[in-house]
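Report on the structure
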Amino acid sequence: EVDPRPRDQRLPGGEAVIAADLVAAAADAVVRNQLATPALIERELGVGAGVAAQLMTALEEWSVVGPPNGHRSRQILVPVERVAFVADQIRRGAA
């Protein structure tokens, strides 16, 4: 039986837990805007810099974005036409 409740995303080190819906919203914002930066996530989702950085880490773990690229935007790995599917997978906690 599938649990319909959103799953939380544990981040490296287990210090913080980010709601799966927030990670999915970040994925949507990054792919829709074609810009993978913490600053975009801060503006789009109204979160602070620390949460935005944690969301970027979660997006990397979900293979939505590539690894850090210095001070440049990370590479976006999900095409626009697949972002709704990927966001749904994140909400469900599917691997």
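Residues numbered from 1 in each chain as written. Predicted model: local features only at pLDDT ≥ 70, side-chain atom pairs only at ≥ 80, totals over all residues. Heavy atoms only, no water.

As a further point, take the pattern of salt bridges. Per the counting criterion, the structure on display carries 5 salt bridges. Linking D28 and R32 is a salt bridge whose minimum nitrogen-to-oxygen distance equals 3.3 Å. Separated by 4 residues within a single helix, D28 and R32 lie in helix 1 (residues 20-33), roughly one turn from each other. The partly exposed category is assigned to D28, whose relative accessible area is 29%. (Salt bridge = Lys/Arg side-chain N within 4 Å of Asp/Glu carboxyl O. Helix = DSSP H or I, 4+ residues; strand = E, 2+ residues; numbered from the N terminus. Buried < 20%, exposed > 50% of the residue type's maximum accessible area, 1.4 Å probe, protein only.)

Within the largest apolar cluster, 25 residues are counted, with the highest numbers of intra-cluster contacts made by V30, I41, L59 and V64. Of all the secondary structure elements, the ones that give two or more residues to this core are helix 1, helix 2 (38-45), helix 3 (49-61) and helix 4 (83-92). No other element matches the 7 residues that helix 1 contributes to this core. Those residues in contact with V30 that sit more than four places away from it in its chain are L35, A36, L40, I41, L59, V65 and I76. (Core = buried A, V, L, I, M, F, W, Y, C linked by side-chain atoms within 4.5 Å. Contact = heavy atoms within 4.5 Å.)

Attention now moves to helix 4. Listing the buried residues of helix 4 in full gives V83, V86, A87 and I90. Down the axis of helix 4, the buried side of the element spans an arc of 100 degrees, and every buried residue falls inside it. Where helix 4 terminates, the next one or two residues include G93, which has phi positive at roughly 75 degrees. (Arc of directions from axis to C-beta.)

It is worth spelling out the side chain of R74 at this point. Within the secondary structure, R74 is located in the loop between helix 3 and helix 4. When its relative accessible area of 14% is taken as the criterion, R74 is described as buried. Engagement of the side chain of R74 in a polar contact is seen with the backbone oxygen of G66, the distance being 3.1 Å. Among residues more than four places away in sequence, those in contact with R74 are A36, M56, E60, V65, G66, P67 and P68. (Polar contact = N/O pair within 3.5 Å; in protein donor to acceptor, adjacent residues only side chain to side chain.)

This part covers the environment of L40. Along the chain, L40 falls in helix 2. Spatially, the C-alpha atoms of L40 and V30 are 7.4 Å apart, while their sequence positions differ by 10 residues.

This part is about the confidence of the model for the protein chain. Mean pLDDT for the protein chain: 86, with 80% of residues reaching 70 or above. Below a pLDDT of 50 lies the segment residues 1-6, which in the model reaches 3 contacts outside its immediate sequence neighbourhood of four places, other chains included. (pLDDT = per-residue confidence, 0-100.)

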